[in-house]
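Next come the chains, spelled out residue by residue.
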Amino acid sequence: MTSTVCDLAGGNDISAATLRRWVLEVIGLLAEQSPRLDRALKKIAADGGVVVLLDGTLVRTRRRTGEEDRPNYSGKHKAHGLLFLALTDEKGNLIWISSAAPGRSSEITTARRNKICAQLRKAGLGAIADLGFVGLDDDPEDPVIITGRKAARGKPLTAAQKEANRLVSRERAANENGFANLKAWRVLTKVRMSAAYATMLLRALLVLTGLQTTR
């Protein structure tokens, strides 16, 4: 990346520092176009949607030294990275992405920090999520998070519960396409930026990904 920046800067008679500043400014401008959670959900509801797909992903980062290394290590993925939550519509188009959380963060904690359940209820929508989000919805009388069922020790899933899990997985398949389109950007191979810059970068790429998939 450094050599590419230097080559571009030299070819245009500007300094590498100036080019980096311009790139960050463009990324910032794109990131500002990324929708807020409440507005993204409001648009889905206005378009007649009734459900969104919720998932989390780890964007891998360079390993850092000292104490800064620990928060970004994900025991689940056995890798260093930053956790992002994202919502897609039923077709798999990304509509919102969260700010970066340390890799060791749980998806449920991150979802609660973003008040996803409250925002879904406000918009009158539901969300389909994987087993990592079981327990997120704390209102069984008015659930907005639909997940599969986990088998408990000594209590295997019934045939009906297994079939329900298959149906949830089938509906969630489109969500994988959304993340795949986002992670196709080569710059996300291993992010070297801080959490704040990584958030800005992911939101800028969300905007660009949306432009590509809706052309």
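Our structure's up above, just so we're on the same page.
A few points on the structure. No experiment lies behind these values; they were computed from the predicted model shown.

### So, the overall build of the protein chain
Then, number 1: Assigned secondary structure in the protein chain consists of seven helices and seven strands.
Then, number 2: When the helices and strands of the protein chain are placed in sequence order, the string is α-α-α-β-β-β-β-β-α-α-β-β-α-α.
Then, number 3: Within the span of the protein chain, comprising 215 residues, buried residues form 40% of the whole.
Then, number 4: Considering only contacts within the protein chain whose residues lie at least 6 apart along the sequence, 59% involve residues at least 24 apart.
Then, number 5: Summing over all exposed atoms, the protein chain offers an accessible surface of approximately 13000 Å²; the carbon and sulfur share of this is 52%.

### Things to note about the side chain of Thr-88
Then, number 1: The topology assignment puts Thr-88 in strand β3 (residues 79-88).
Then, number 2: Filtering out sequence-adjacent residues up to four positions away, Thr-88 remains in contact with Val-52, Leu-53, Asn-93, Leu-94, Ile-95, Asn-175 and Gly-178.

### Some words on the layout of surface pockets
Then, number 1: Quantified by volume, the second largest pocket comes out at close to 600 Å³.
Then, number 2: What lines the second largest pocket is a set of 25 residues, and nearest its centre among them are Lys-43, Asp-89, Asn-93, Leu-94 and Ile-95.
Then, number 3: Listed by contribution, the elements that provide at least two residues to the lining of the second largest pocket are α3 (37-46), β4 (94-97), α6 (159-183) and α7 (195-213).
Then, number 4: With five residues, the top contributor of residues to the lining of the second largest pocket is α7.

### Structural notes on helix α2 (residues 16-31)
Then, number 1: For α2, with 16 residues, the first-to-last C-alpha span of 22 Å sits near the 22 Å given by 1.5 Å per residue.
Then, number 2: What α2 keeps buried is the set Ala-16, Thr-18, Leu-19, Ile-27, Gly-28 and Ala-31.

### Brief notes about the side chain of Glu-107
Then, number 1: When you line up the elements, Glu-107 lands in helix α4 (residues 107-113).
Then, number 2: In this structure Glu-107 comes out as buried when scored by relative accessible area, which is 10%.
Then, number 3: When residues no more than four places from it in sequence are discounted, the contact partners of Glu-107 are Asp-55, Gly-56, Lys-76, Leu-83, Leu-85, Asp-130, Gly-132 and Phe-133.

### Quick word on the pattern of salt bridges
Then, number 1: Inspection of every chain in the model, using the stated rule, returns seven salt bridges.
Then, number 2: With its nearest N and O atoms 3.1 Å apart, the salt bridge here joins Asp-47 to Lys-43.
Then, number 3: For Asp-47, a relative accessible area of 56% gives the class exposed.
Then, number 4: One salt bridge connects Glu-163 with Arg-166, and the closest N-O pair in it is separated by 2.9 Å. Of this pair, Glu-163 and Arg-166 both sit in helix α6, three residues apart, which is roughly one turn of the helix.
Then, number 5: With relative accessibility at 32%, the residue Glu-163 sits in the partly exposed group.
Then, number 6: Assessed through its relative accessible area of 47%, Arg-166 is described here as partly exposed.
Then, number 7: What emerges from the salt-bridge pattern is a single network uniting Arg-121, Asp-137, Asp-139 and Asp-142.

### Points about a positive patch on the surface
Then, number 1: Taken together, the side chains of Arg-60, Arg-62, Lys-183, Lys-190 and Arg-192 define a basic patch exposed on the protein surface.
Then, number 2: With respect to the helices, strands and loops of the structure, Arg-60 is situated in strand β1 (residues 51-60).

### Focus: the environment of Gly-148
Then, number 1: The residue Gly-148 is located in the loop between β7 (145-146) and α6 in this model.
Then, number 2: Using a relative accessible area of 7% as the deciding quantity, one classes Gly-148 as buried.
Then, number 3: Taking C-alpha positions, Gly-148 is 6.6 Å from Asp-130, a pair spaced 18 residues apart along the chain.
Then, number 4: The residues contacting Gly-148, other than those within four sequence positions of it, are Ala-129, Leu-131, Val-134, Asn-165 and Val-168.

Criteria and cut-off values
Residues numbered from 1 in each chain as written. Predicted model: local features only at pLDDT ≥ 70, side-chain atom pairs only at ≥ 80, totals over all residues. Heavy atoms only, no water. Helix = DSSP H or I, 4+ residues; strand = E, 2+ residues; numbered from the N terminus. Buried < 20%, exposed > 50% of the residue type's maximum accessible area, 1.4 Å probe, protein only. Contact = heavy atoms within 4.5 Å. Areas by Shrake-Rupley, 256 points an atom, 1.4 Å probe, with all protein chains shown as cover. 1 Å grid on protein atoms, 1.4 Å probe; cavity = no way out; pocket = protein on both sides within 12 Å on 5 of 7 lines; lining within 4 Å. Points joined across faces, edges and corners; volume = space filled by probe spheres on them. Expected span 1.5 Å × (residues − 1). Salt bridge = Lys/Arg side-chain N within 4 Å of Asp/Glu carboxyl O. Patch = residues over 30% accessible without salt bridge, like charges linked within 9 Å, V, L, I, M, F, W, Y side chains within 5 Å. Lys, Arg positive; Asp, Glu negative; His and termini not counted. Charge placed at Lys NZ, Arg CZ, Asp CG, Glu CD.

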